[in-house]
Structure formats: structure tokens, C-alpha cells
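# Structural features, examined
Letter by letter, the chains look like this.
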Amino acid sequence: MIELREVSKTVMSGSEPLTILHPLSLQIPRGEFVAIVGPSGSGKSTLLGLIAGLDAPSGGSVLIDSVDITRLGEDALARLRGEKVGFVFQFFHLIPSLTAYENVAVPMEIAGVADARARAQRLLEEVGLTGRSHHYPSQLSGGEQQRVALARALANDPPIVLADEPTGNLDSANGRHIMELLRGIHDKRATTVVLVTHDRELADMADARLVLRDGRVVENTLEEEREPFRRAMPPR
Amino acid sequence: MTFVLRMAARETRASWRRLLFFFVCIAVGVAAIVALRSVIQSVREVFGSEARGLLAADVLIATNREWPADARTTVDRRLAEAGSTERTETIETPTMVRPADRSKAIAKMAELRAVQSGYPLYGSVVLQGADTYAYSLLQHHGTLVRPELLTALGVQVGDQITIGQAAFTIRGVIASEPGRRVGGFSLGPRVMIDYADLPSTGLLSFGSRADRRLHARVPDDRIDDLVRTLRDDFKDDFINTRSYRSTEDQIGRDFDRAENYLSLVGLIIVILGGIAVSSVTRVFILQKIRSIAVLKCVGARSGQIIAVYILQVMTLGLAGSLLGVAIARGVIAAIPLALGASTSLLAQAHYGVSWSAAAQGIGIGVLVSLLFSVVPLLQVRFIKPSLLLRDETVRRRADWLAIAAIVVVSVALVALTAWQAASLRVGLVVCAGFAGLAVVLHFAGRGLVALLTPLANSRSFPLRHAVLHLSRPGNQTRVILLAVGLGAFFIVGVRSLQASLLSEFSVQVDANSPDMFLLDVQKAQVEGVRAFLGDKSHGAGEFQLIPVMRARVVGVAGRETTLESADDVRRSGMSIGREFTITYRDHLEANERIVEGTFWTSPSAEPEVSVENDLAARAHLHIGDTIRLDILGRTIAAKITSIRDVEWRESRNGGFVFVFRPGVLEQAPQTWVAPMKGPATPAERARFQHDLVERFPNVSVIDFHEILETIRDVMSKVTLAISVVGGLVLFSGALILIGAVAMTKFQRVYEAAVFKTLGANTRTIARMLLLEYGVLGSLAGLIGSLGAIVLTWGVSKYALEIPWRIFAGEHVAGVLLTSVLVAAIGVLSSLDVLRNKPLATLRAE
């Protein structure tokens, strides 16, 4: 389970402090498929980064499976990400010097997984890239690159996959394909998926929705799920 | 560990092209170390095995006078005691040699060696062609000569040459002989004759400068005792004893020094390579920021990532070092080709890369790669994976770990340098020098860039941006200034020094000063020579005949200094223990000035002497002191009545430490010398020498024009050698430059694309690049040139003691060539920046 307690993020913009995320608390249960939606600059990606331990909050704490990751050092965080979190970025962020297969194998090699090679091939198969495993990122289309990134996110079979606008840089057909893959992963493996998007249509493919505006939560269907009686109430 | 190994292999596979120059930099330095060390080791091997050959004996006993009768008895006794099994004698003297054919009006100074049948005890005389040396070739007025003499005199094997008063038939050409040092200075080519024929030449007249040598074969365990005993026996005589071992020791020390200093030069090139490595690593990490962030995002720890890159750096360092060894092999293989059919000792060495040199080179290459990349690699720790979510700049920070790394790296560099130079002091001095130079160049670079800042407001768009680029973030200005500036410094400095030395010698051979020197004129010949020189038909100009004799100080009775015996004098350490050439006259020369006392104007029967200022000060001699001199066996006690200042630079007529008052030494055994102005043209000079030697066969002529040629030749070789080293440094600089350009290219490509989108055409961007690198090159050239001025000043004033001159031409050419070179390399290696289409570049960003 992912739990955020009064998490906030403030950065310095010139000499002025700028609050990107106002204190917020929420719980994402294991196996949930949540979409975080909101316009540009609403704090979606920042929130995702905080959940992944890619960034440190200015206040509050983030707990993953009851472990407060805000208390962990850089190396412990890296280890935690390697084991528990898979990340998919809008701009794919594949390592340009490695082939598709190597990009997928890297997290397993870091974790010291024994059958990294076979598993990487299986994952590439799963995302439909069997014949492209020895191609470099520059030789792949955007959609293919994102599928490699998805396979990489699944490398260590993490219980959590975080996806930051994974379709934002793709055409609609490729975007849909990626979403179907994500959905399939969630359904097949019971993986917790947190998806950041500003596309309402894509967000509708998720089970729950968290809407951000100016760094504040304006809608949270996660709570409605837990408390069905509240659904009838008007939004706050 | 598997991850680290695999990632290092993948990264190397992916980026070896970009890092190509990284290992070329290391390769050049390693090649320099390995080649220099190996060559010295090869040459040393020849010398080591030839140390006996250099003396042609186990023990050599030599004197530059007639053997005193009792000395011969002592030598005989001591050799018998030491169990000497064999001995042979030689006499060496410089003399004039001329063709017996009188139609050839030429004479040349040669170094005559008269040998007995046993010569050489060690080593061998090698003749050109199929001839083998045999003593019989010399017997009955036969002679063997060096090939240079054949050319100079226009004679060949079978012809006759005249030495002194006797004619000799040339029976062979000497290719190599024992006792000839590599690069040793000689007055002329070697001529060998039979010992028994020497008297017939009439050269051994009184006071002539002949070196009599006794070569002995002695059992190995008795050598040191014998040398010690003989030195003790002859401590008051002009007899010198040495063994091949002392020669070997001396040569060994010389070679150690040469090997260590040359390796140091190689190390400096490697360190330059290291600076390049450091800058490459820094830029490389900048380029790899996203990949590193991704690795951290998928679970890699900073330590693992640093390990990946360290492994990669060491792999490249190893590859570069191996390439360096290969280059060194190639260069060394070419040496015999370069030496051609040369017969010197250098050509006898078996050249090859020695294992120890290769191992040292590889070790240094890998170590320097590691040392110089560690600090920039530590920046990996500050790369946050969050930059994948939003644009963040990675701030370079210095923390305790980075500071500790810098300290460790510095200590390691000092240790490395000290190891290479085989001296901690030299290691510290070189590292401090490097650090100092880097600091100076850093501030000079900053200062010069600051001076250029007003140009950033220039109306010219290319100039404005060229200047701005010099101080933009991630600029390579300092690195290029250091590397290229250092190369320019070496080359301009060495060339200026060469020009300075040559002009110093040229000044000495100016229109009015003496340019020929007659030696060994016997007392009975003085009037004849005077008449010969005075006869205008021979073409001689101004001349002077000066009596000279050799003397040694054997005692001083003075206010401050009291030395009872020759032994006391030698032990006093007051630099009066050596042999002096003295004269007597009643006037001061133009280069002399009395600083104390009064100079005589008339002869006196009381011995009086005038002493040169510096020596008087060093030996604490004063007016009124009495100094005892041994002049060819006669002791004369003379009173010091004046102290003279001598301008040694103009000492052709009067370079004497001791000048006696006339009236005492006239009857002493003496020879005369004559500084003179020779005829103007080479043909007239040759004829003059020939005619003079025809009349006075024992007289030697030194022609300063020929010596100047020799000096010029030696110096051009030395300059070439140093220039090659300077060239290597400059080459490393050029590599660093290419690397720096390649490394900042990603930034430039993007900028150029933006400029193009905004309307700049290719020509404008090319001009911008040309100006940027032109300015950078000029700054580097200027810094190098300024450094060279300081260098030439220091070396001229303190090492060579010649007046300091600035050769503007060398400096201007240095600055211009450096700026053209840097501009050309800069623009040529940025061609794709000009060619790339902007849209593709902008999309890729």
C-alpha cells in the first residue's frame, strides 16, 4: 500500500518560495489502478516523483508497504525502487547506448537476478517487441520505445508501476496500445498502477481518479471507493 | 558486480568513439615514456658492455706531460704487484694533417692517436668495408683515418698524407674505435698511426699538448687497490689514474639521470593527457546525466554507477597504454633506419621495447587515467533521478569526499612523479611547478578573457558570440590554454634559446675579432711565425704572439690563506687546485682592468704576479701574498702585486688567471699561441693553413669558423631533440583541443541550430567558430610566448651566462602559428556543427 501523510513540496523560484504541492494525505491500496489528472503545472508529476522516492517532500511522509521512504538515504531509495517500483516516463528515458534488451535487463542486473536474459526476452515478448530486442532506442519508433520502457518497468516484477504521462509523446493509436498494456499488466499481475495524465479519456480507463489543481486535490475517487455512501454527495 | 562489469562493457562499446581521443592522449604520453626509457636502456646496454672498451683497458694511467722517469718505475712496480698481465701505450695529440700532394692546398686539424701492437686491450677497431684491423696496417708509416678526413682533404685510401714532418699512407678507414664517446666534442677526425712512427713526425717537441696513456690489463679483484695506490703515489704529479669501473659508474649515473629526466618529460605528456582525461570525464558525465538518472531510477546506487565508469576509464586507459606501447615499438623500430649506416655507438645498440619500460608505461597510463577521472566521476553522486521529471541542473559541489579525493590524487601524483624521476625532491618540484603553472595559466586565462570582455559588446555578431563562448558554462578555455600554452611555451622557449646561443657565438666571430688560433708554436719558431703572419701575401690580419706555459699552484703564504703543499692546495677546495695556463707581459689587454694594486710597466728579476679577481676572491688571495707555482717542474714563488678584472666574454687575447711580470719566465720552457684574424674566404683560409703547416709542421690551427659550424650542427641536433619533445607536448595539446571541441560539440550543435533558426547563415557560424578558436589560440600562444621569455631570461642569465636577448620573430611567429593551428583544428573538428540541419537537432533536444 502507498500512503501519503501531509505531503507537501515547495521549491524556490528565484528568491521566492513556490508551493507545487499543498499538504495532502491519501492512501492507495494494493492492486489499485489510479489516474492522477489535472492541467499542466498542477503538481501531478511532482506527486508521482514523491511516491517513487525520486524527489524528497518539503514536509510530511511517504510510506510504501509501511516503510517511510522519506527517511531513507539515496542508496536505500535506489534499492527500494529496484525492488518495488517500476517507472514509465513521458519521454521514455531509455539509455541510448543500450539495446532494447539491455535496457530491460539493467534493473534485473542491478538487483542481481539470475535469469535476467530470459526474463528480459519474455517481457519484450509480452509488449510485442520480440524481433526488436537488439535495436538501439534511436532505431525504434516512439511507441516501441515506450513499450521497451514498460517492459523495463516490469523487469523486477514490482508491486507498483508509476507512469508519468506515458502516452503524452505518442499518437493516439500507440497511446491506446500502451494503455491497454498497462491495463493488462494491472489485471494479470494485480500490480498497483498510478498513472499521471491530463487526458480525461485515458483517465477513465483507470479504476480511481485523483484530480489536482494548483497543487491541491480537488477530486479523489479513491475515498469514494472506500466509502461508497459518499458517492452521492456533491464534490467538495 | 555482474552489473558493473556488463554496464562497463556496454558503455565502452557505445562510447569508445567519443572517447577515442581519451586514449590517444594517454597513448601519446605512454609512447613517449616507453620509447624514451627503452632507447636509453638500449644505449646504456651498449655503454655498459663497452665501459672497458671506452678506456680500452681495465686501468688507464695518463699524463699530459713527458713521463717522469721515476714515475715509470713506480708504474712498472705497481703493475707488477697487481699482477698485470698485459699493457700497451698510446699517445694522443691534436695536430694538422695535409695531403702529401702539394697541389692540394688544404690542411685540417685532426686528433692523432699513436698506438702500439697490443692496442686495444678491450673493444676493437672496426674498419669500413671488408677490411679487418691489424697492427700491421699501421707499421712503416701506414695510417687509418676517419671518413670525414678523406672528404675534408679530398684524399682516398692509398693516398699519402703529411703529419708533422712525415708522410703516411692511408691504408684503411675507421668505422668505429674504442674510447670514442657518443657526441663527444673533438677538435677533428681521428687519425691512427704506429707508436714507433710518432717521433718521425717531430710533433713531440717540448710543451706540445700530447696525452700519453698507459693501458693495462689487471685482474678484476686488484683493480680498485691498484687505482687507489697509484693515485696516492702520484698525488703531486700530473698523472691521472682511472679504472673502467669508475667510468662505468660515471656513465651509469649519467644514464640514470638521463633516463629519469626523459621519463619525466614523458610523464609530463601523460599528465597533460590526464588533464584531458579529467576534462573529458567531466563533459562525459554531463552528457550522461539522463542515463545516470535512469539507472538510479531503476535501482542503481551511486557507488555502482561510479564503479561502472571507473572500470570504463581504466579499460580505456589500458587500451591507450597498449596503443602507446605499440607506437613506441614502431618508433623504436624506425631508429636503426634513421641512423642508417652510421658507425657510432648509437648504431650498435639493439633497439627494442624493454619489458620494464612497457610495464611502467602501462601502469602509469592506467593510473593517470584513474587519478584524473576520479574527482569528476564523484559528481555522479549529485545527479538526482528527479531530473527525469523536470529540467534540473546538476550543481557541482565540493564535499569532504571530493576534497579527500583531491588530496589523495595529489599525493598519488607526487608519488608517481617522484618514482619516475627517482627523486622525491624532483617529484615535488615538478608537481609544484605544474600546479603553479596551472594556477598562473588559470589566472592568465581569466585575466586575458576579462581583457577581451569589451569585445562582447562589439558590433560584429560573430566576434561578440566568439568572446562570449570563451566564458560560457562548461567552457574548455582553461584546459586548452594549459595544454596548448604549454606546448607553445616549450617550442618557442627552445627556439629562442637556440637563436640566443647562436647569436652569442656569431657575435664572438665578428668582423674584427680574432677568428683563428695558432697553437704549439715553439720558442725557436716565434720569429719565423711572426714573419709569416706579417707577410701580407698570406692573408693574415691582426695577430699577437703570446707565450704560454702550464702551471699548478703548490702553495700559498698569505694573510688569509696558508697552504703548505700541493696536497693542501688540492684539498682546500678553493678552485686553485687545477692546472692553469699562464703568461707574462708588460701590458694589460683591452678586456682587463686593475681593481687593486698596480700593474707593472717594466721587467723585473723579482717574480711578481697579477691574479684574476674572481679567483682571488674565492681563494682569499690579497696583494702582498706569495703564491708558489710549479711551472713544468720548476717552483717559482711570486708576490701578488695586482688583482685584475677580466671580461671573459672578450678573452681571445687575454684570458689568463695568472699574468707574470716579464723578467723571470722568459727562460722557462714555453710554447707560444697566436690569436689572429684569418683570411676572409674559405679557400684563402684553407690555403693559409696549408702554407703555415708546410713551414711549421708542428703548429696547430684552430679555425673558429669551423668550430662555429660544429657548434651549430650539435645545437641543431639538440634543438631538434628538444623540439620533438615540445612537438609531442604541442601534439598532446592539439589532441586535448580536438577532444575539448568534440566534448562541447553537443552544446554547439544545439546552439548552431538555434542560431540558424533565428536567421544566421553557415558563414556567420563558421566565422564565429574561427574567431573563438583564433582568439583562444592567440591567448595560448601569448601565454606560451610570455613563459618562453621568462625561461630564456632565466636560462640566459643563470645557466648559460650570456646576455639576454628577445627574438621578436620567434615570439610573433609562435603566437601566430598557435592561433592558426588552434583555429584550424577548432573549425575542422566542428564541421558537422556547420552541416547539421537545425530541425533534426532541435527535435532531438
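One structure accompanies this document, and this report is about it.

Calculation criteria
- Residues numbered from 1 in each chain as written.
- Chains lettered and ligands numbered in written order.
- Predicted model: local features only at pLDDT ≥ 70, side-chain atom pairs only at ≥ 80, totals over all residues.
- Helix = DSSP H or I, 4+ residues; strand = E, 2+ residues; numbered from the N terminus.
- Buried ≥ 20, exposed ≤ 12 C-beta atoms within 10 Å, placed from the backbone.
- Contact = placed C-beta atoms within 7 Å.
- Pairing = 2+ DSSP bridges.
- Axes fitted to C-alpha atoms, helices over the stretch in contact; angles between N-to-C directions.
- Parallel < 35°, antiparallel > 145°, perpendicular 65-115°, else oblique.
- Left-handed = near helix turned anticlockwise from the far one by under 90°.
- Nonpolar A, V, L, I, M, F, W, Y, C, P; charged D, E, K, R; others polar.
- Core = buried A, V, L, I, M, F, W, Y, C linked by C-beta atoms within 7 Å.

### Quick notes on the overall build of chain A
- On a plain count of helices and strands, chain A comes out with 8 helices and 10 strands.
- Sorting the 236 residues of chain A into buried and exposed places 48% on the buried side.
- Considering only residue pairs separated by 6 or more positions, chain A has 67% of its internal contacts joining residues 24 or more positions apart.

### Focus: the overall build of chain B
- Broken down by element type, chain B carries 25 helices and 21 strands.
- With 845 residues in all, chain B has 43% of them scored as buried.

### Thoughts on the sheet that holds strand 10 (residues 216-220) of chain A
Residues and elements named next belong to chain A.
- Pairing in this open sheet of 6 strands is mixed, and the strands run 6-7-8-3-9-10 from one edge to the other. Of all the strands in the sheet, just strand 6 (85-88) and strand 10 have a single pairing partner and so form its edges. Pairwise comparison of adjacent strand axes, ignoring direction, gives a mean angle of 20 degrees for this sheet.
- Direction of pairing for strand 3 (residues 33-37) relative to strand 9 (residues 208-213): parallel, over a ladder of 4 bridges. Across the sheet, the residue bridging to valine 34 is alanine 208, located in strand 9.

### Notes on the environment of glycine 175 of chain A
Residues and elements named next belong to chain A.
- Here glycine 175 shows up in helix 6 (residues 172-189).
- Looking at glycine 175, the number of C-beta atoms within 10 Å reads 22, which means it is buried.
- As a C-alpha pair, glycine 175 and leucine 202 span 27 residues in sequence and 9.0 Å in three-dimensional space.

### Considerations on the packing of helix 12 (residues 400-421) of chain B against helix 13 (residues 424-452) of chain B
All names here are of chain B.
- The geometry of helix 12 relative to helix 13 is characterised by a closest axis approach of 7 Å and an angle of 125 degrees between their N-to-C directions. On the basis of the axis angle, helix 12 is oblique to helix 13. Along this stretch, helix 12 crosses helix 13, giving a crossing that reads as right-handed. The segment helix 12 lies against helix 13, with Leu413, Val414, Thr417, Ala418 and Ala421 engaging Leu424, Val426, Gly427, Leu428, Val430 and Cys431.
- Looking at the contact of helix 12 with helix 13 residue by residue, the class counts come to 9 nonpolar, 2 polar and no charged.

### Some thoughts on the nonpolar core
- Membership of the largest hydrophobic core comes to 186 residues, with the highest contact counts inside it found for Val34, Ile36, Val104, Leu162 and Leu195 of chain A together with Val30 and Val34 of chain B.
- A total of 17 residues in this core trace back to one element, the largest contributor, which is helix 2 (residues 20-55) of chain B.
- When residues no more than four places from it in sequence are discounted, the contact partners of isoleucine 36 of chain A are Lys44, Leu47, Leu48, Val194, Leu195, Val196, Leu210 and Leu212 of chain A.
- Ile161, Leu203, Tyr244 and Leu533 of chain B belong to the second largest nonpolar core, which has 65 residues in total.

### Considering the sheet that holds strand 1 (residues 2-13) of chain A
All names here are of chain A.
- The 4 strands lie next to each other as 2-1-4-5, forming an open sheet whose pairing is antiparallel. Looking at the sheet topology across the chains shown, the edges are occupied by strand 2 (16-28) and strand 5 (67-68).
- Here strand 1 pairs with strand 2 via 9 bridges, running antiparallel. Within the sheet, the bridge partner assigned to valine 11 lies in strand 2 and is leucine 18.

### So, the environment of valine 24 of chain B
Residue and element names in this part refer to chain B.
- Relative to the helices and strands, valine 24 is located in helix 2.
- Owing to 21 C-beta atoms within 10 Å, valine 24 belongs among the buried residues under this scheme.
- Among all residues touching valine 24, those that are not within four sequence positions of it are Gly320 and Leu735.

### Focus: the packing of helix 5 (residues 142-153) of chain A against helix 6 of chain A
All names here are of chain A.
- For the pair helix 5 and helix 6, the least separation of the axes is 10 Å and the interaxial angle reads 15 degrees. What the angle tells us is that helix 5 and helix 6 run roughly parallel. For the pair helix 5 and helix 6, the sense of crossing is right-handed. Residues Gly142, Gly143, Gln146, Arg147 and Leu150 of helix 5 form the contact with helix 6, whose participating residues are Asn174, His177, Ile178 and Leu181.

### Things to note about the pairing of strand 20 (residues 671-676) of chain B
Residues and elements named next belong to chain B.
- Most of strand 20 is tucked away: 6 of the 6 residues are buried.
- Burial of strand 20 is two-sided: the residues Thr671, Val673 and Pro675 facing one way and the residues Trp672, Ala674 and Met676 facing the other way are all buried.
- Pairing geometry for strand 11 (residues 516-522) and strand 20, over 5 bridges, is antiparallel. Paired with methionine 516 across the two strands is methionine 676, which belongs to strand 20.

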